[in-house]
Amino acid sequence: MSFLKLLIAVSFSLPAFSRTLGAESDSGTKGPAYSELVKYFATLPQKYPEFIQVSQYGKTPGGRPLVVLKVSYPKRFVNPRVVSSRAQTLAILITGTTHGDEYLGIEDRLPEWFAKEGVKDPAIAPYFQAGGAIYLIPIFNPDGYDTRRRENSRGKDLNRDFSIRQAKFEGFTEVETQAARDMLINQLQVNQQRLLISMDYHCCIGAALYPWSFAKAPELPGDYLALYKAYGKIMQNNFGADFRVGKTPDVLGYSAIGTSKDYYYENYGSMSFTFEGEYGIEKNKFAQHIQMWKNLIQYGQLTRGILRR
Ligand SMILES: [Zn+2]
């Protein structure tokens, strides 16, 4: 135990310039062992049995369970009038640590906050009342997370492994991406939900990125672009004027093919982002993340009519 504490102390005392500036790099935040997180997630349904479910949707090549948490209201709390007036209820997908070394210390705390506070928060409760659900995969890449590597244990970058028709790119070569894709398709179908927002937490640019990520991509339709910018403005309001919002090539200066946000946008017409936290300090901004989610969920419900598909 004391050795672990020493390790943490050493990793925290590393000077900031030891990382490559400008490159997507280690987040500077170390989380607990994945097995500890899995144990913690398993306690949540006992604490909040009405509001949260945890399930395993697959297993990594390294033998670690792939875990998703779902926060929603039990049927008797859902307003049947609201639900029957709409063909589909809404779903939100929050994923973190897709790059194993980009854990922020935010993604694993969100499920309990939503189950404990979010379900009764005046800004979010109407979303749940209308049958909405939030799916959370705090650690999308458990093998990479435990070994502090960007890639999975087969050396594949999972945020370059989503199929993008528009770019004629075939992904889903990896178990982690395949299993998450199938889990989401199944949940949305069984629960008659449509995806409203997806947010994939990364590090360390301090930005929100929206589609498209790949080179020579078409412009988004005007109404979508306006909506993405409005979502971006909400995030900027929470994270400050230095927080950048835009397409990957515009903000990062490079293009990327096979990213999660392009996949979710293309297949679900959702508002899909890569969230880039800040090196070493994102974990201190939990309150701002909560406020962002309150604002996004409220705004998302109001503007859901703009989304197609
Ligand atoms: Zn990343």
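Overview of the structure.

Parameters at a glance
Along each chain, numbering runs from 1 in the same order as the chain's sequence is written. Per-residue local features are limited, in this predicted model, to residues with pLDDT of at least 70; the limit for side-chain atom pairs, both in listing and counting, is 80 or more; totals at the level of whole chains, interfaces and linings are taken over all residues. Based on all heavy atoms of the structure, the side-chain values leave hydrogens and waters out of the count. A helix here means a DSSP run of H or I that spans at least four residues, while a strand means a run of E at least two residues long, and both kinds are numbered starting from the N terminus. Here the expected span of a helix is defined as 1.5 Å times the quantity of residues minus one. Three labels apply to residues, based on accessible area from a 1.4 Å probe with only protein chains included: buried if under 20% of the type maximum, exposed if over 50%, partly exposed otherwise in between. Among buried residues, the Ala, Val, Leu, Ile, Met, Phe, Trp, Tyr and Cys ones that are joined through side-chain atoms within 4.5 Å form a nonpolar core. Disulfide: a pair of cysteine sulfur atoms within 2.5 Å of each other. Side-chain rings of Phe, Tyr and Trp (the six-membered ring for Trp) are treated as a pair once their centres are within 6.5 Å; stacked means planes under 30 degrees apart, edge-to-face means over 60, and tilted covers the remaining angles. At least two DSSP bridges between two strands are required for those strands to pair. A pairing counts as a salt bridge when a side-chain nitrogen of Lys or Arg comes within 4 Å of a carboxyl oxygen of Asp or Glu. Each axis is a line fitted through C-alpha atoms, taken for helices only over the stretch in contact, and angles between the N-to-C directions span 0 to 180 degrees. Angles are sorted into four bins: roughly parallel if under 35 degrees, roughly antiparallel if over 145, roughly perpendicular if 65 to 115, and oblique for all others. Rotating anticlockwise by less than a right angle from the far helix to the near helix defines a left-handed crossing, while the corresponding clockwise rotation defines a right-handed one. Any two residues whose heavy atoms approach within 4.5 Å are treated as being in contact. In this count, Pro and Cys sit with the nonpolar residues alongside Ala, Val, Leu, Ile, Met, Phe, Trp and Tyr, while Asp, Glu, Lys and Arg are called charged and the others, Gly among them, polar.

**Remarks on helix α11 (residues 286-302)**
Between its first and last C-alpha atoms α11 spans 25 Å; for 17 residues at 1.5 Å apiece the expected length is 24 Å, and the two agree. Every buried residue belonging to α11 is among F286, H289, I290, M292, W293, K294, L296, I297, G300 and Q301, and all of these are buried.

**A short note on the nonpolar core**
In terms of nonpolar packing, the biggest core is built from 86 residues, with L110, F114, Y201 and W293 touching the most fellow members. Per-element accounting of this core gives the leading share, nine residues, to strand β5 (residues 193-210). Counting residues in hydrophobic clusters, the runner-up holds five residues, among them A207, L209, V251 and L252.

**Let's talk about the state of the cysteines**
Per the stated rule, a full pass over the model turns up one disulfide. Note on cysteine connectivity: C203 is disulfide-linked to C204, with sulfurs 2.0 Å apart. Residues C203 and C204 are joined through a disulfide that is right-handed, its torsion about the S-S bond being 100°. Just as C203 is buried, C204 falls in that class too.

**Quick look at the packing of aromatic side chains**
Evaluation of the coordinates by the stated rule reveals 28 aromatic pairs. Here Y228 and F273 contribute two aromatic rings whose centre-to-centre distance is 5.3 Å and whose plane-to-plane angle is 70°, an arrangement assigned as edge-to-face. Here Y228 is found in helix α8 (residues 222-239), whereas its partner F273 is found in strand β7 (residues 271-278), with 45 residues between them in sequence. What makes F273 buried here is its relative accessible area of 0%. Measuring from centroid to centroid gives 6.0 Å for Y231 and F273, while their planes differ by 25°, and the two rings are stacked. With Y231 in helix α8 and F273 in strand β7, this residue pair connects regions lying 42 residues apart in the sequence. In this structure, Y231 and F273 share a single accessibility class: buried. In textbook terms, an aromatic cluster arises when at least three aromatic residues are bridged by ring pairs, as seen for Y210, W212, F214, Y224, Y228, Y231, Y265, F273 and Y299.

**Remarks on unusual backbone geometry**
With an omega of 15°, the peptide bond between C203 and C204 qualifies as cis. Summarising the element assignment, C204 is placed in strand β5. Cis rather than trans, the peptide bond between P211 and W212 has omega equal to -5°. Within the element layout of this structure, W212 appears in the loop between β5 and α8.

**Considering the pairing of β5**
Here β5 lies mainly inside the structure; 18 of its 18 residues are buried. Examined bridge by bridge, strand β3 (residues 89-96) and β5 share eight bridges and lie parallel to one another. Within the sheet, the bridge partner assigned to I94 lies in β5 and is M199. The sheet contact formed by β5 and strand β6 (residues 244-247) spans four bridges and is parallel.

**Here we look at the pattern of salt bridges**
Summed over the entire model, instances satisfying the criterion amount to 16 salt bridges. Here K47 ties to E112 by a salt bridge, and the two come within 2.9 Å at their closest N and O atoms. Of this pair, K47 sits in helix α2 (residues 34-47) while E112 is found in helix α4 (residues 110-116), placing the two residues 65 residues apart along the sequence. R150 is the salt-bridge partner of E102, the closest N and O atoms lying 3.6 Å from each other. A residue pair is termed long-range when its members are at least 10 positions apart, and E102 in the loop between β3 and α4 and R150 in the loop between α6 (142-147) and α7 (175-190) qualify at 48 residues. Residue E102 is classed as buried on the basis of its relative accessible area, which comes to 0%. Among the residues examined, R150 registers a relative accessible area of 18% and is labelled buried. What emerges from the salt-bridge pattern is a single network uniting R64, D143 and D146.

**Description of the packing of α7 against helix α10 (residues 260-268)**
At a closest axis distance of 13 Å, the pairing of α7 and α10 adopts a crossing angle of 30°. One finds that α7 runs roughly parallel with respect to α10. As α7 runs across α10, the sense of the crossing is right-handed. Contacts between α7 and α10 involve R181, L184, I185 and L188 from the former and Y263, Y264 and Y268 from the latter. Residues that form the contact of α7 with α10 fall into these classes: six nonpolar, no polar and one charged.

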